[in-house]
Amino acid sequence: MPQSLPTDPTHFAAEIDTGLDVETDVTVDPRASAAAGAEILLELVDDEGVTIGTAEKHWAHQQPGRLHRAFSVFLFDRQGRLLLQRRALGKYHSPGVWSNTCCGHPYPDEPPFVAAARRTGEELGVAPALLCEAGTVRYDLPDEASGLIEREWNHLFVGLVTAPVEPAPEEVDDFAFVTAQELRELRAERPFSVWFETVFEAALPGIREIAGRDW
């Protein structure tokens, strides 16, 4: 699957004004996600997405799960190809499967937009050149392979990536830029994260604003 970055800067010239909330020149927060072995806290929310407290990350994903704030990012190159990642084999949740560009959880009181840019930099070594809000989706998705559950209020983001990708090996095992057709073929052949289909379908309106109607 091709992974080269394009050189044509004109492809998105008519599509940048999406009508979504747009931010450019994103700067990734340089702080580390958490010290080794330190407790990682998630932001718990109610059924309206309002913060109601915090919980330790692993505990929140144990059955029956606690509804918490999360984010999912879909970045495209200038040719309209989606950047996918295959999660590192050492991940505690969904190791070795393909998923969207980046996903994760904001720190307590951290805006989801900031968290999405930060985590993209930590995992893939690149800051989004453009990042747009694309709505939210709530889901309860058990993962049979791990026995964990994803009960999330997920903030969706779509955007562009123009710099070379330099993934962190402890986070990302592999990556690929794919067309819509290549994504369909890959999904038929390889396992994907349990949340991928849900967040992908929810983000499609924003994806099509950024990457075109072929998606």
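Residues numbered from 1 in each chain as written. Predicted model: local features only at pLDDT ≥ 70, side-chain atom pairs only at ≥ 80, totals over all residues. Heavy atoms only, no water.

## Observations concerning the overall build of the protein
Next, step 1: The helix and strand inventory of the protein stands at 4 helices and 10 strands.
Next, step 2: The burial tally for the protein puts 51% of its 215 residues in the buried class.
Next, step 3: A fraction of 72% describes how many contacts in the protein between residues 6 or more apart in sequence connect residues 24 or more apart.
Next, step 4: Carbon and sulfur atoms form 49% of the exposed surface of the protein, whose accessible area is close to 9,900 Å². (Helix = DSSP H or I, 4+ residues; strand = E, 2+ residues; numbered from the N terminus. Buried < 20%, exposed > 50% of the residue type's maximum accessible area, 1.4 Å probe, protein only. Contact = heavy atoms within 4.5 Å. Areas by Shrake-Rupley, 256 points an atom, 1.4 Å probe, with all protein chains shown as cover.)

## A few points about the pattern of salt bridges
Next, step 1: Under the counting rule described, the total for this entry stands at 14 salt bridges.
Next, step 2: What you see here is one network of salt bridges that share partners, running through K91, E110, R118, R119, E122, E123 and E171. (Salt bridge = Lys/Arg side-chain N within 4 Å of Asp/Glu carboxyl O.)

## Here we look at the environment of Q85
Next, step 1: Within the fold, Q85 resides in strand 5 (residues 82-87).
Next, step 2: Aside from chain neighbours lying at most four places away, what touches Q85 is V97, W98, S99, N100, T101, C102, E123, E171, V172, D174 and F175.
Next, step 3: Side chain to side chain, Q85 and E123 meet in a polar contact 2.6 Å long. (Polar contact = N/O pair within 3.5 Å; in protein donor to acceptor, adjacent residues only side chain to side chain.)

## What to know about helix 4 (residues 196-211)
Next, step 1: Compared with an ideal rise of 1.5 Å per residue, which puts 16 residues at 22 Å, helix 4 spans 18 Å between its outermost C-alpha atoms and falls more than 12% short.
Next, step 2: Where helix 4 is concerned, the buried positions are F196, V199, F200, A203, L204, G206, I207, I210 and A211.
Next, step 3: Looking at the residues trailing helix 4, positive phi occurs at G212, about 105°. (Expected span 1.5 Å × (residues − 1).)

## A look at the confidence of the model for the protein
Next, step 1: Taken residue by residue, the protein gives an average pLDDT of 85. The fraction at 70 or more is 83%.
Next, step 2: Per-residue pLDDT stays below 50 along residues 1-36; that stretch engages in 84 contacts with residues further than four places along the chain or on separate chains. (pLDDT = per-residue confidence, 0-100.)

## Notes on the environment of R151
Next, step 1: With respect to the element layout, R151 can be found in strand 9 (residues 149-160).
Next, step 2: A relative accessible area of 21% means that R151 is categorised as partly exposed.
Next, step 3: Along the backbone, R151 and D140 are 11 residues apart, and their C-alpha atoms lie at a distance of 4.4 Å.
Next, step 4: The residues contacting R151, other than those within four sequence positions of it, are P64, G65, R66, L67, H68, R138, Y139 and D140.
Next, step 5: One polar contact links the side chain of R151 to the main-chain carbonyl oxygen of G65, over a distance of 3.2 Å.

## Some points on the packing of aromatic side chains
Next, step 1: Under the counting rule described, the total for this entry stands at 8 aromatic pairs.
Next, step 2: Here the aromatic rings of F175 and F177 are separated by 6.5 Å at their centres, their planes lie at 90°, and the arrangement is edge-to-face. Each member of the pair, F175 together with F177, is buried.
Next, step 3: Summarising the aromatic geometry, the rings of F200 and W215 are spaced 6.3 Å apart at their centres and angled 70° between planes, so their arrangement reads as edge-to-face. Here F200 is found in helix 4, whereas its partner W215 is found in the segment after helix 4, with 15 residues between them in sequence.
Next, step 4: With relative accessibility at 9%, the residue W215 sits in the buried group.
Next, step 5: The structure contains a cluster of three or more aromatic residues connected by ring pairs, namely F74, F76, F192, F196, F200 and W215. (Phe/Tyr/Trp six-rings, centres within 6.5 Å; stacked < 30°, edge-to-face > 60°.)

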